[in-house]
Amino acid sequence: MATKTLFDATRMSMHQAIDLTIESMRTHGPRLDHWAFAWSGGKDSTAALTFVIAMMEKGLIPRPQSITVLQADTRLEILPLMISAQAIAAELRDRGIEHHVVVPELDQRFFVYMFGRGVPPPKNRFRWCTSQLKIKPMEAKLRQLARDKGTKFLTITGVRQGESAHRDGTIAMSCGVDGAECRGCPNRCRRCLVPKREGPIRLLPIREGFDVLDNNILATPPEHLDGVLEMLRRQKARPRFTGGLEASRFSEAVAAKILSVNPDVMFFAYDRPGEKRHVAQAFRLIREISGWSPGVMKHHVGCYILCGYEGDTIADAEKRIAWVISQGVRAYPMFYRDENNTKRPSPWHDLIGGTLCFGAK
């Protein structure tokens, strides 16, 4: 018997899902002339790809000007799955559909990262591989396609409920509006693209889920934050504040509210020297209210550290990383990327990808 999950009551039948997919593609498809499928060769994205193509050939979904299938190849696929994916790719090409294989750059691949840089292997709470091997290369290829066509693409992929309650919660949150209850940010940080891309903060309907991906959830009105926290209390999985919590807004009252929902993970940001006192206060409040020891706190609190922006040095970045680790918090340094997605210079590789980043002493 299948294990019941939080979302069983709202799960659709197959026929309902088919009808909703067709209706969604009819609604959203015509808005853009060019479509791109993010395809891994696995069962979920393959189901989405083959279903949409089949419905298109039956005339149930309008065909766009162009269709491009981007196949994510991690170089780690087992042979039978790779052979199956190659057969599907050949059939797509026979139908006149453009197909590209997308692979991560050599210095970003799995074994280079593990054996060349000493990064620990991925775990449930440390899934660096998905972003590194699939998401980032796919995003780069999509940007290239958009530049080549001079327009935006409708990006399509497949996700599936029912594998676990944990994944169902992630899907329920992330398949809303980027997994957020608000978008935008009232701050005008010099190197942040959020205000430019999303504008001032605006509230969205609160959806069920446990991973809060908002750019600045603490900048929302108190009643909205209270509503989000009340929603999180209803979830089976412990809440995760992956989008980050602004340290300067993390007052004692706010800290008590956040910790009252028993969060699994909280992230902060320490990008500029002037932020240190706010970040230090946030860490202090968490220790005092939660009673967590340094060993326990390291598993629940992380800190993003922006590195490599104009005027920053490796020595200064190392100091910020070392200070965060000294607070019993995991440090997650990120190299600054401008709007042109400038590649990280090689001198920064060891700092960003080395074991220092993950709290090793």
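The structure under discussion appears in the preceding block.
Because the structure is a prediction, the values reported are computed rather than measured.

Novice: Could you give me a rundown of a nonpolar patch on the surface, with the residues and numbers involved?
Specialist: A surface patch of nonpolar side chains, about 340 Å² in accessible area, is lined by Leu-76, Phe-111 and Phe-115. Secondary-structure assignment places Phe-111 in helix α4 (residues 110–117).

Novice: Residue-level account of the sheet that holds strand β10 (residues 330–335), with values.
Specialist: Reading across from one edge, β7-β8-β9-β10 is the order of the 4 strands in this open sheet, with parallel pairing throughout. Either end of the sheet is taken by a strand with one partner, and the two such strands are β7 (240–241) and β10. With 2 bridges connecting them, β7 and strand β8 (residues 265–269) associate as parallel partners. Paired with Arg-240 across the bridge in β8 is Val-265. The sheet contacts of helix α12 (residues 314–326) involve β9 (301–307) and β10, and relative to β9 the element is tilted by about 175 degrees.

Novice: I'd like a description of the nonpolar core, backed by residues and values.
Specialist: Ranked by internal contacts, the top residues of the largest apolar core, which has 41 residues, are Phe-250, Met-266 and Phe-268. Every element with two or more residues in this core is listed here: α8 (222–233), α9 (252–259), β8, α10 (276–290), β9, α12 and β10. Setting aside anything within four residues of it in sequence, one finds Phe-268 in contact with Leu-245, Ala-247, Phe-250, Ala-282, Phe-283, Ile-286, Val-301, Gly-302, Cys-303 and Tyr-304. Core analysis: the next-biggest nonpolar cluster, separate from the first, contains 19 residues, Val-52, Met-55, Met-56 and Ala-89 among them.

Novice: Any chance you could break down the pairing of strand β1 (residues 34–39) for me, citing the residues and the numbers?
Specialist: Counting buried residues along β1, 6 of its 6 residues qualify, which places the element largely inside the surrounding structure. Every second residue of β1 is oriented toward a common face, with His-34, Ala-36 and Ala-38 on one face and Trp-35, Phe-37 and Trp-39 on the other, all of them buried. Sheet analysis places β1 next to strand β2 (residues 66–72), joined by 6 bridges and oriented parallel. Looking at the pairing, Ala-36 lines up with Thr-68 of β2. When β1 meets strand β4 (residues 154–156), the two strands line up parallel, connected through 3 bridges. By the bridge assignment for β4, Phe-37 is matched with Ile-156.

Novice: Any details on the packing of helix α1 (residues 14–28) against helix α2 (residues 43–57)? Residues and values, ideally.
Specialist: Axis separation between α1 and α2 bottoms out at 11 Å; the angle between their running directions is 70 degrees. Taken together, the axes of α1 and α2 lie roughly perpendicular to each other. The handedness of the crossing between α1 and α2 is right-handed. Mapping the contact onto sequence places Ile-18, Thr-21, Ile-22 and Met-25 in α1 and Phe-51, Val-52 and Met-55 in α2. For the contact of α1 with α2, the residue count by class is 6 nonpolar, 1 polar and no charged.

Novice: Tell me about the pattern of salt bridges, residues and numbers included.
Specialist: Taken as a whole and judged by the stated rule, the model has 10 salt bridges. Glu-57 is the partner of Arg-95 in a salt bridge, and the nearest nitrogen-oxygen pair spans 2.6 Å. Of this pair, Arg-95 sits in the loop between α3 (79–94) and β3 (98–102) while Glu-57 sits in helix α2; the two residues are 38 residues apart in sequence, bridging distant segments of the chain. For Glu-230, the salt bridge identified is with Arg-233, shortest N-O distance 3.4 Å. Here Glu-230 pairs with Arg-233, and both are found in helix α8, just 3 residues apart, close to one helical turn. Judged by relative accessible area, which is 42%, Arg-233 ranks as partly exposed. Through salt bridges with shared partners, one network takes in Glu-57, Glu-91 and Arg-95.

Novice: Before we move on, could you go through the sheet that holds β1 and cite the residues and values that matter?
Specialist: With respect to topology, 4 strands assemble into an open sheet ordered β3-β2-β1-β4, the strand pairing being parallel. Here the strands that pair on one side only, and so sit at the sheet edges, are β3 and β4. Between one strand axis and the next, the sheet turns by 25 degrees as a mean value, whatever way the strands run. Across the face of the sheet, α2 comes into contact with β1 and β2 while running at roughly 145 degrees to β1.

About the criteria used
- Residues numbered from 1 in each chain as written.
- Predicted model: local features only at pLDDT ≥ 70, side-chain atom pairs only at ≥ 80, totals over all residues.
- Heavy atoms only, no water.
- Patch = residues over 30% accessible without salt bridge, like charges linked within 9 Å, V, L, I, M, F, W, Y side chains within 5 Å.
- Areas by Shrake-Rupley, 256 points an atom, 1.4 Å probe, with all protein chains shown as cover.
- Salt bridge = Lys/Arg side-chain N within 4 Å of Asp/Glu carboxyl O.
- Helix = DSSP H or I, 4+ residues; strand = E, 2+ residues; numbered from the N terminus.
- Pairing = 2+ DSSP bridges.
- Contact = heavy atoms within 4.5 Å.
- Axes fitted to C-alpha atoms, helices over the stretch in contact; angles between N-to-C directions.
- Core = buried A, V, L, I, M, F, W, Y, C linked by side-chain atoms within 4.5 Å.
- Buried < 20%, exposed > 50% of the residue type's maximum accessible area, 1.4 Å probe, protein only.
- Parallel < 35°, antiparallel > 145°, perpendicular 65-115°, else oblique.
- Left-handed = near helix turned anticlockwise from the far one by under 90°.
- Nonpolar A, V, L, I, M, F, W, Y, C, P; charged D, E, K, R; others polar.

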